Amino acid sequence: MNTAGHTDTAGLDLIPFRGVRYVPEQIGSLAAVTSPPYDVVVRPDGLLHLESADPHNIVRLILPQATTPAARNQQAADTLRTWLGEGILAPDDEPSLYVYEQQDSEILQRGLIGALRLSEADDGIVLPHEGVMPHVVEDRAALMRATSANLEPLLLTYRSDSEAEPTGATAVIERTAKREPLLSTTTEDGFHHRLWAVTDPAEIAEIQSDLATHQALIADGHHRWATNLRLRAEHPSPSPWDYGLVLLVDTARYPLRVRAIHRYLHRLPVSEALAALGDSFRVRTVEGPLDHVLDALAGAASKGNAFVLAGDGAFHLIDHPSSDLLARTIPDDRPEAWRTLDATVLHTTLLDHVWKIPDAPEHIAYIHDTAATVEKAERDGGTAVLMHPVHEEVVRDLARQGVTMPRKSTSFGPKPATGLVLRALAF
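Analysis parameters
- Residues numbered from 1 in each chain as written.
- Predicted model: local features only at pLDDT ≥ 70, side-chain atom pairs only at ≥ 80, totals over all residues.
- Heavy atoms only, no water.
- Axes fitted to C-alpha atoms, helices over the stretch in contact; angles between N-to-C directions.
- Helix = DSSP H or I, 4+ residues; strand = E, 2+ residues; numbered from the N terminus.
- Parallel < 35°, antiparallel > 145°, perpendicular 65-115°, else oblique.
- Contact = heavy atoms within 4.5 Å.
- Nonpolar A, V, L, I, M, F, W, Y, C, P; charged D, E, K, R; others polar.
- Buried < 20%, exposed > 50% of the residue type's maximum accessible area, 1.4 Å probe, protein only.
- Pairing = 2+ DSSP bridges.
- Core = buried A, V, L, I, M, F, W, Y, C linked by side-chain atoms within 4.5 Å.
- Expected span 1.5 Å × (residues − 1).
- Arc of directions from axis to C-beta.

Re the packing of helix H6 (residues 168-176) against helix H7 (residues 201-211)
If you want to describe how two helices pack, look at the angle between their axes and the distance between the axes.
Then step 1. At a minimum axis distance of 7 Å, the contact between H6 and H7 shows a crossing angle of 140 degrees. The angle between H6 and H7 falls in the class oblique. In this structure, H6 contributes Gly168, Ala169, Thr170, Ala171, Val172 and Arg175 to the contact, and H7 contributes Glu203, Glu206, Ile207, Asp210 and Leu211.
Then step 2. For the contact of H6 with H7, a count of residues per class yields 5 nonpolar, 2 polar and 4 charged.

Next comes the structure, spelled out in structure tokens:
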């Protein structure tokens, strides 16, 4: 593994690596082999759609299908080895940092993809804001052990001085984006993707010296970060496992889109959910369409905790929780910003106390798409709980205090497409 330009630092330590990428001549189209991150793929429909899009779609590596976990992981390892051997995938000639751009009609995002030195939360360099589920970490760790690869980058954010003339990493990104890209493609979600390699030692040093003064927030990929830390602990240092694949975005210059992650409660019909509330919340029916419902939710959420329950053909806005109920159910040993989060009230007050629903996959599904959450509830008879997103600064401030939010509290995006560049630890 290349460690050119590496220095010990109390900040972010991003190093170049030989990216493994699809060879254009060996595939139908780059768009057809990419995928959303593994935890955003809607299974089984989305998985089958991606598998059928191209026989070499990256989903065959990140979500291999077989009868047992061991067989799935071995299949992914065999597939990766085969694709490398056949020239479907190939490592770049020299270690690089990569400038990555995503753009649609509403947003332009640019950032840096590289191998980031791993650190614990207590080090204050990379800040998590959510807890993780051990079984998911173990699942991802087993896949990464088998493939010996970082198959998709985490999304991390940092903040530069947005008022200043671009310097350091930002200046390199802006210069690089004027050059001819390594690849350019538009995926079916309407996003246009471009990727450039930064190989010049002076530019790499310029990036590294700037990032060494910053800390980052994990915007997306807590389970993969925890997986990286577990695998680092299994391998004597120094080793390639000391680093993980990340996309770093300066949100002072390129603000992320922040969306909610909704909940679907498999075994709780809407009628029972509403009956259990009693008089502890105000309940109002809101007329559709869905955009209007979300506007009403946003208005209510600006004044306090609010949710929309759906699944019975109507939309029920619940807000104004009883202060007595909140006082009884929410711990008072956390910051006020945490105690007043919608996700805190949902999990601690509603799920744990009112509805008595355990946070387990057979009871709760986490779904990013609002319409899909409502459709599933109406089709299957459960309850969709629609959430309003949290501002990035609230997340960052809590993370700096070492306070984790309930998991899946918010969704930052756009998320990097999986399959544009991989990190195989052998190169």
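Some words on unusual backbone geometry
Then step 1. The omega angle of the peptide bond from Gly288 to Pro289 is 5 degrees, so this bond is cis rather than trans.
Then step 2. Positionally, Pro289 belongs in the loop between strand E15 (282-286) and helix H10 (290-301).
Then step 3. Geometrically, the link from Gly413 to Pro414 is a cis peptide bond, its omega value of 5 degrees lying close to zero.
Then step 4. Mapped onto the elements, Pro414 comes out in the loop between strand E20 (411-413) and strand E21 (423-424).

Some thoughts on the pairing of strand E17 (residues 315-319)
Then step 1. Counting buried positions over the 5 residues of E17 gives 5, a clear majority of the element.
Then step 2. Here E17 shows two buried faces, one formed by Phe315, Leu317 and Asp319 and the other by His316 and Ile318.
Then step 3. Pairing between E15 and E17: 5 bridges, direction antiparallel. Across the sheet, residue Arg284 finds its bridge partner in E17, namely Leu317.
Then step 4. Of the pairings in the sheet, the one linking strand E16 (residues 306-310) to E17 comprises 5 bridges and is antiparallel in character. Bridged to Ala310 within E17 is Phe315.
Then step 5. Between E16 and E17, which pair antiparallel and follow one another directly, the connecting turn spans 4 residues, one of which, Gly311, has a positive phi of 140 degrees.

Here we look at the nonpolar core
Then step 1. Tyr22, Ile113, Phe307, Leu350 and Trp355 are the most contacted members of the largest nonpolar core, which has 81 residues in total.
Then step 2. Among the elements that make up this core, the one with the highest residue count is helix H13 (residues 342-354) (6 residues).
Then step 3. Those residues in contact with Tyr22 that sit more than four places away from it in its chain are Ile27, Leu30, Val33, His56, Asn57, Ile58, Trp83, Ile88, Leu89 and Gly419.
Then step 4. Membership of the second largest hydrophobic core comes to 27 residues, among which are Leu112, Ala169, Val198 and Leu248.

A closer look at helix H4 (residues 69-86)
Then step 1. Here H4 contains 18 residues, and its C-alpha end-to-end distance of 26 Å stays within 8% of the 26 Å for a straight helix at 1.5 Å per residue.
Then step 2. Of all the positions in H4, only Asn73, Ala76, Ala77, Thr79, Leu80 and Trp83 are classed as buried. When H4 is viewed along its axis, its buried side chains cluster within an angular range of 160 degrees and face the same direction. Of the residues in H4, the exposed ones pointing more than 90 degrees away from the buried face are Ala70, Arg81, Gly85 and Glu86.
Then step 3. Here the buried face of H4 lies against strand E2 (20-22), helix H3 (59-62), strand E3 (89-91), helix H5 (134-147) and strand E7 (149-150).
Then step 4. Residue Gly87 follows H4 closely and has a positive phi angle near 80 degrees.

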